[in-house]
Amino acid sequence: MFKPERVIIAAIVLAIICLTGMLLSMLQPETHEGRGYDTFGVEPHGLRALYETVEQAGFNVERGFAPPHAAMAAAGKDGWLVLWRPDPMWVSRDERQLERLGEWVESGGAVIFAPVFDPEAYFYQPCHCEDEEDEASTGQNATAGGNATAQSSNATAESGNATSHDANATTEAENATAKAERLKKWREEMKERQAKRFHALEPLKRMGIAVTRLGVTDYAGAMAREREKIEGYRERLREKREQWEKSKEEMRRKNLGQDEPSEAESGNATEDAPESPRPIRKPPPDPNTTALNAPAEEPIILAAQGIDKKKREYDWYDYRRFLRTLDLDARMERTLTRTVTPEGELGSLWQGLEQVSMADETQCLLPPAEGEPEPDGVLAFEAHNGTTAYLAAVYRRGKGLVVVVADPLLLTNAMLARPGNAYTALGPLAHYDGQRGEVVFDEFFHGLTVRGRPVWLLTRRPYGLVALALLLAAGLWCWRSGSRLGPPLPAIVPTRRSMEEYLEAMSGLFLRGEKQSFLAQELKAGVLWWLGRRYRLGYGEEDLEAVSRAMARRDPESAERLQSAVHELETLAARRKPSVKRLVAAARELTRCL
């Protein structure tokens, strides 16, 4: 049978075991079962191969689960930090950690940084023909204005249609100007949206290197074709927006009672409107036909009129489906070996490297624009459009440096064994001033460190001990304050008589049996036992002398009364046949002492 104190102790022990197991599991790194984008990942997109390759090359390798500046402070200034594909969510939450990392680099640290692959940046960039479109739209507006002026001057010479031509020319010029303004406003909104979105080189900017130009190669031409589709999709969105604004303006005019256009507008609309196709009228349904024997006349009519079913237009879902074909696993299937050339002062970090295996859609750094820092060494190659792009670049930052590998695909498990890829990371590690310091692979920005949960504090040294002490104290308090129950009481059997009837029956029995002496002795013993409990006497000390001494300390008169009453009762009990009346009077005198 379970006792309450045993149940409480078992609950406390179980809680301590569960808490200890939870703390031990939280102290272990989250490995994502080898399927993540980290050094534990053994999938094609993981980084486990690079981790083991650097370790086999003779470097002291470890994983950093703390913030990068704290992890590198333990490794020393001569160490390297590999910041491969940091998660944008964690970067946006912990930007201050990257700023502290930049201070560490400036004091003499070194970082190998590989940004996330961001193909959407290619589609958010302004099209090369947008400037030409702006100039063309400006020229069209000027031409429209000139035509309007010419038509208005000619209209003064004409007699009948001068007013209508002048109104039409003015309306065309206003429409062209309004369309150009709407297009300009839409492009400004796109630029603002592009500025707000996360940039793949944001960690580099937080470390103090303001590089923003990032491109994507397109050797197969798939991204160019997709961009044309996206431009058409955006154009349709603009047209729908213009139609919506036009219908909104018509509704506003209708509500104001100005829905009837002028004669000139109605005349121009009638002349310019194309002939609409005659609608196909379907015969009324026959109530006698059913779904089984209904005639299939509608497809025949459509075929006779030459009307085809409308094809589905390019939509946003098609764009998202195309982006899924550009993830790491998909791009690995479209790779070729291309020639690269080390250039610059620190280009010697890749000395002897001539070829690298890269995908058709490879992320690359573009030559710096005005206001951007010049790299101190690059790994250049020829892009698909004949321009020069950088597969990797080195930037000095104070006493330290930052090596940027533009595409994280080069260092993954599936691509590391291909020609030249491993050397893009091992070259700087081996040739930068001959350093063989500790190499730390950052896992803080991969989300392997438990953050954002209060339970994570239990893994820290003071918080876990305090929580364990509080748990033990609460368990001891509950165990001590628990009610201590004795053995179970016997079941109470209901009696047939009341207490008063029972006493009368027992007293009559004893009187008839001449047991007055027994009653007197039991009465005396009961009174002395009760008084002994009142004055807190020990077990076996309920005799007359001990009780009298205890009573005399508080009430001497009651002690004398007790002694006289007990003496009178013992005298009567010693007789063979005591008087009942005197015995009852002595008993009453004794009970008054209670």
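You'll find the protein entered in an unreviewed UniProt entry as DUF4350 domain-containing protein, with Oceanidesulfovibrio marinus given as the organism.

Let's talk about the pattern of salt bridges
Applying the stated criterion across every chain yields a total of 18 salt bridges. Between Arg206 and Glu95 there is a salt bridge; the shortest N-O distance is 2.9 Å. Residue Arg206 is found in helix α9 (residues 202–206), and its partner Glu95 is found in helix α5 (residues 95–106); the two are separated by 111 residues along the sequence. Here Glu95 falls in the partly exposed class, since its relative accessible area comes to 26%. One network of salt bridges, in which partners are shared, links Glu95, Arg96, Glu99, Glu202 and Arg206.

With respect to unusual backbone geometry
A positive phi angle, close to 50°, is found at Arg85, a residue other than glycine. Take Arg85: it is sitting in the loop between β2 (80–84) and α4 (88–93).

Examining the environment of Phe65
Relative to the helices and strands, Phe65 is located in the loop between β1 (61–64) and α3 (68–75). As a C-alpha pair, Phe65 and Phe441 span 376 residues in sequence and 8.8 Å in three-dimensional space.

Overview of a negative patch on the surface
Taken together, Glu43, Asp327, Asp329 and Glu333 make up a surface patch of like negative charges. Topologically, Glu333 is positioned in the loop between α14 (328–331) and β5 (335–339). For Glu333, a relative accessible area of 70% translates into the label exposed.

Digging into helix α2 (residues 48–56)
Listing the buried residues of α2 in full gives Leu50, Tyr51 and Val54. Buried residues in α2, looked at end-on, bunch into an arc of 105°, giving them a common side. Lining the buried residues of α2 we find β1, α15 (423–431) and β12 (439–442). Backbone geometry just after α2 places Gly58 at a positive phi near 105°.

Considerations on the packing of helix α10 (residues 222–255) against helix α13 (residues 316–324)
One can describe the packing of α10 onto α13 by two numbers: an axis separation of 10 Å at closest approach and a directional angle of 160°. Taken together, the axes of α10 and α13 are roughly antiparallel relative to one another. For α10 against α13, the interelement crossing comes out left-handed. The segment α10 lies against α13, with Ala222, Met223, Glu226, Ile230 and Tyr233 engaging Trp316, Asp318, Tyr319 and Phe322. Here the residues of the contact of α10 with α13 are counted per class, giving seven nonpolar, no polar and two charged.

Scoring rules and cut-offs
- Residues numbered from 1 in each chain as written.
- Predicted model: local features only at pLDDT ≥ 70, side-chain atom pairs only at ≥ 80, totals over all residues.
- Heavy atoms only, no water.
- Salt bridge = Lys/Arg side-chain N within 4 Å of Asp/Glu carboxyl O.
- Helix = DSSP H or I, 4+ residues; strand = E, 2+ residues; numbered from the N terminus.
- Buried < 20%, exposed > 50% of the residue type's maximum accessible area, 1.4 Å probe, protein only.
- Patch = residues over 30% accessible without salt bridge, like charges linked within 9 Å, V, L, I, M, F, W, Y side chains within 5 Å.
- Areas by Shrake-Rupley, 256 points an atom, 1.4 Å probe, with all protein chains shown as cover.
- Lys, Arg positive; Asp, Glu negative; His and termini not counted.
- Charge placed at Lys NZ, Arg CZ, Asp CG, Glu CD.
- Arc of directions from axis to C-beta.
- Contact = heavy atoms within 4.5 Å.
- Axes fitted to C-alpha atoms, helices over the stretch in contact; angles between N-to-C directions.
- Parallel < 35°, antiparallel > 145°, perpendicular 65-115°, else oblique.
- Left-handed = near helix turned anticlockwise from the far one by under 90°.
- Nonpolar A, V, L, I, M, F, W, Y, C, P; charged D, E, K, R; others polar.

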